Amino acid sequence: QITGAIREVDRLLQRIVDERLQTPQPKSADFDKVQQERLRRVPEIRFLVTTDGQGRVTTASSRNEAATTARIRGIDLSHREYFTVQRDASGASRDSYFVSRPIVTAVTATTTIVISRAIRDPKGRFEGIVAATLSQPYFHAVLETILPGDAAQALLVNTNGDILHARSDPAI
């Protein structure tokens, strides 16, 4: 279920990259309307952002967090791994998505996972990234569906050993 969700998010990111290459400076209102529709179809995503080549957020969208989205625009993500991996990629990895380890966001101070993809011009020059943050309630819902009724807790762990989400019984 999680692998399928990541694939769906990556397909969305790739569509955004393709559109950005066709329309480098989309009109903000048009872009926001399209992103809102996309977010409705992919509930795992909390925020969608794009950056310029220096890591500054140029667009940000979310389903229902307009005030937070406004604060995200313009922040510098150039130090974040999900940006630097895409900027510095070479060879086959230049056209791959990247799934971050859990991070605490600068604006909301919540733990999330970020999936990113590079935006490159037709000559392969790096122009920024498109990224999606995954919603924590999504992981909770996934764990709920696979846990036996008497399970006290469950962890979702990546191959690095990072805990992506923990579900525990509050009675314990």
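On a predicted model such as this, the values are computed, not experimentally measured, just so you know.

> Which residues make up unusual backbone geometry, and what are the values?
In this structure, Ala 109 is a non-glycine residue whose phi angle is positive, near 55°. Mapped onto the elements of the fold, Ala 109 is located in the loop between β4 (103-104) and β5 (111-112).

> Just give me the short version of the environment of Ser 62, but keep the residues and values in it.
Within the secondary structure, Ser 62 is located in strand β2 (residues 57-62). The exposure class of Ser 62 is buried, given its relative accessible area of 6%. Remark: the alpha-carbon pair of Ser 62 and Thr 133, spanning 71 residues in sequence, is separated by 9.8 Å. A polar atom in the side chain of Ser 62 sits 3.1 Å from the backbone nitrogen of Glu 65. A distance of 3.0 Å separates a polar atom in the side chain of Ser 62 from a polar atom in the side chain of Thr 69.

> Outline the packing of aromatic side chains, listing residues and values.
Applying the stated rule across the entire model yields one aromatic pair. Residues Phe 83 and Phe 126 carry aromatic rings whose centres are separated by 5.4 Å and whose planes lie at 80° to one another, so their mutual orientation is edge-to-face. Pair noted here: Phe 83 is in helix α4 (residues 81-88) and Phe 126 is in strand β7 (residues 126-134), with a separation of 43 residues, a long-range link. Judged by relative accessible area, Phe 126 falls into the buried class, the value being 19%.

> Would you mind going over the pairing of β2 in detail, with residue names and values included?
With five of six residues buried, β2 lies mostly within the body of the structure. Of the pairings in the sheet, the one linking strand β1 (residues 45-51) to β2 comprises five bridges and is antiparallel in character. Bridging across to β2, Phe 47 finds its partner in Ser 62. Linking two consecutive strands that pair antiparallel, namely β1 and β2, is a turn of five residues; a positive phi of about 100° is found at Gly 55 within it.

> So what about the side chain of Thr 112? Which residues, and what values?
On the secondary structure map, Thr 112 appears in strand β5. For Thr 112, a relative accessible area of 4% gives the class buried. Setting aside residues up to four positions removed in sequence, Thr 112 forms contacts with Arg 101, Pro 102, Ile 103, Thr 105, Thr 133, Leu 134 and Gln 136.

> Now, about the pattern of salt bridges: what can you tell me, with residues and values included?
What the rule picks out here adds up to nine salt bridges. Ionic pairing is found between Arg 41 and Glu 37, a salt bridge with its closest N-O pair at 3.4 Å. Of this pair, Arg 41 and Glu 37 are both found in helix α2 (residues 28-41), four residues apart, which corresponds to roughly one turn of the helix. A relative accessible area of 58% places Arg 41 in the exposed class. Using a relative accessible area of 33% as the deciding quantity, one classes Glu 37 as partly exposed. Across the salt bridge formed by Arg 46 and Glu 65, the nearest N and O atoms sit 2.8 Å from each other. Placement of the pair is Arg 46 in strand β1 and Glu 65 in the loop between β2 and α3 (66-72), with a sequence separation of 19 residues.

Basis of the calculations
Residues numbered from 1 in each chain as written. Predicted model: local features only at pLDDT ≥ 70, side-chain atom pairs only at ≥ 80, totals over all residues. Heavy atoms only, no water. Helix = DSSP H or I, 4+ residues; strand = E, 2+ residues; numbered from the N terminus. Buried < 20%, exposed > 50% of the residue type's maximum accessible area, 1.4 Å probe, protein only. Polar contact = N/O pair within 3.5 Å; in protein donor to acceptor, adjacent residues only side chain to side chain. Phe/Tyr/Trp six-rings, centres within 6.5 Å; stacked < 30°, edge-to-face > 60°. Pairing = 2+ DSSP bridges. Contact = heavy atoms within 4.5 Å. Salt bridge = Lys/Arg side-chain N within 4 Å of Asp/Glu carboxyl O.

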